[in-house]
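Observations on chain architecture
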Amino acid sequence: MTNTMNNESLQQGTLYIVGTPIGNLEDITFRAIRILKSVNLIAAEDTRHTAKLLHHFEITTPQISYHHHNRTARQNELLNYLKEGKTIALVTDAGMPGISDPGYDLINASIIANIPIIPIPGPTAAITALSVSGLPTDRFVFEGFLPLKGKERRDRLQALKTETRTIIFYEAPHRLLKTLTDLQGVYGKDHQLTVGREITKRYEEFWRGSLEDAILYYQNSQQIKGEFTLILAGCSQSRFLELTVDQLRDELQQLLDQGMTRSQASRQLAEVTTFSRRQIYNLSLDN
């Protein structure tokens, strides 16, 4: 069998999308090391972070920063470099570039400019966590980071309310409890999830259970540190009642007639229908 790794040579004017370890440095591939050693330039999300990786593998290729705050100004510089026939390896702090990071913009701009792009596969926290979650892996959807607040966040959660596929989220430690609480408000306290923390690193942890128990666990935990990957079970197709607005109005009126407040009735119906609590509450004001 021919060893294609040894026969592959760098192509001029090419952008290489290089996956790097999400924690354990032993997860890097031989191909990734060779590419990082051979390109003319490495565009890194954080050059200080990437410098540690390069030093470990004795890679001396020069770096340039490419991150969220300078991506607009840096993009043309990198594109011109590629058009001159030079090669660039794009790396993120951990995992595959372009997944919930600014690498997407450079990749898209390179496609528009007809610059060759070659992916060098590596680990990703999303798939790694999914594989050991114990939740269905045959159908899943990656959501990355939820919008931080306001209407955009509420609308996104509402859109996911009836998602039957397993859902993957990323979350920062200081927002973990808020996100778990918001998810419980949409899916209910018994909904199942797996929480991955510091994946492949020294303090790697996988927690499995209900949203209610997850909130209790992390409220009392000293381990809200590092990066988190949430794997949330999809919804049962039979969980929600498919009601028309008129049918919903009738159900709402029955609960109000039983003595419930608008807020109580809205909360109860939101748990069993495809409508949000806010939509139902606004409808109650018309009754």
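Everything here concerns the structure above.
Residues numbered from 1 in each chain as written. Predicted model: local features only at pLDDT ≥ 70, side-chain atom pairs only at ≥ 80, totals over all residues. Heavy atoms only, no water.

**Observations regarding the sheet that holds strand S9 (residues 205-210)**
Two orientations exist for strands paired in a sheet by backbone hydrogen bonds: parallel and antiparallel. So the rule is basically this: Whether two strands pair depends on DSSP finding at least two bridges between them. The way it works is that DSSP assigns letters per residue, a run of H or I at least four long becomes a helix, a run of E at least two long becomes a strand, and they are numbered from the N terminus. Note on definitions: angles span 0 to 180 degrees between N-to-C directions of axes, and those axes are lines fitted to C-alpha atoms, for helices only across the stretch in contact. Every residue pair with non-hydrogen atoms within 4.5 Å of one another is taken to be in contact.
The 5 strands lie next to each other as S6-S7-S10-S8-S9, forming an open sheet whose pairing is mixed. At either margin of the open sheet sits one strand with a lone partner, and together these are strand S6 (140-144) and S9. On average, adjacent strands in this sheet sit at an angle of 20° to one another, irrespective of strand direction. Note: S6 against strand S7 (residues 166-171), 4 bridges, orientation parallel. Bridge pairing in S7 links Val-141 to Ile-167. Against the sheet, helix H8 (residues 176-187) engages S7, strand S8 (192-197) and strand S10 (228-232), with an angle of about 10° to S10. Packed onto the sheet, helix H9 (residues 211-219) meets S8, S9 and S10 and runs at close to 130° relative to S9.

**Side note on the pattern of salt bridges**
So the rule is basically this: One speaks of a salt bridge when a side-chain nitrogen belonging to Lys or Arg is within 4 Å of a carboxyl oxygen belonging to Asp or Glu. Burial classification: accessible surface area is computed with a 1.4 Å probe over protein chains only, and a residue below 20% of its type maximum counts as buried, one above 50% as exposed, and the rest as partly exposed.
What the rule picks out here adds up to 12 salt bridges. Two residues, Asp-46 and Arg-48, come together in a salt bridge whose shortest N-O distance is 3.4 Å. Owing to a relative accessible area of 22%, Asp-46 belongs among the partly exposed residues under this scheme. On the basis of relative accessible area, Arg-48 is assigned to the exposed category, the value being 64%. One salt bridge in this structure joins Lys-178 and Asp-182, with 3.3 Å as the shortest N-O distance. Linking Lys-178 with Asp-182, this pair stays in helix H8, spanning 4 residues, or about one helical turn. Connected through salt bridges with shared partners, the residues Arg-153, Lys-178 and Asp-182 form a single ionic network.

**Some words on the packing of helix H7 (residues 150-160) against H8**
Filter applied, for reference: In these notes the angle categories are as follows: under 35 degrees is roughly parallel, over 145 is roughly antiparallel, 65 to 115 is roughly perpendicular, and the rest is oblique. Handedness of a helix crossing follows the sense of rotation of the near helix relative to the far helix, less than a right angle counterclockwise being left-handed and clockwise being right-handed.
Two elements in contact, H7 and H8, have axes separated by 10 Å at closest approach and are oriented at 50°. In terms of orientation, H7 lies oblique with respect to H8. Of the two elements, H7 crosses H8, and the hand of that crossing is right-handed. Seen from H7, the contacting residues are Arg-153, Leu-157 and Leu-160; seen from H8, they are Lys-178, Thr-179, Asp-182, Leu-183, Val-186 and Tyr-187.

**Examining the packing of helix H10 (residues 245-257) against helix H12 (residues 277-284)**
The following threshold applies: In this classification, the charged set is Asp, Glu, Lys and Arg, the nonpolar set is Ala, Val, Leu, Ile, Met, Phe, Trp, Tyr, Cys and Pro, and all remaining amino acids, among them Gly, are polar.
The interhelical angle for the contact between H10 and H12, taken along N-to-C directions, is 75°, at an axis separation of 10 Å. When the axes of H10 and H12 are compared, the pair comes out roughly perpendicular. Only Ile-280, Leu-283 and Ser-284 of H12 make contact with H10, whose side of the interface consists of Val-245, Leu-248, Arg-249 and Leu-252. Taken together, the residues that form the contact of H10 with H12 break down as 5 nonpolar, 1 polar and 1 charged.

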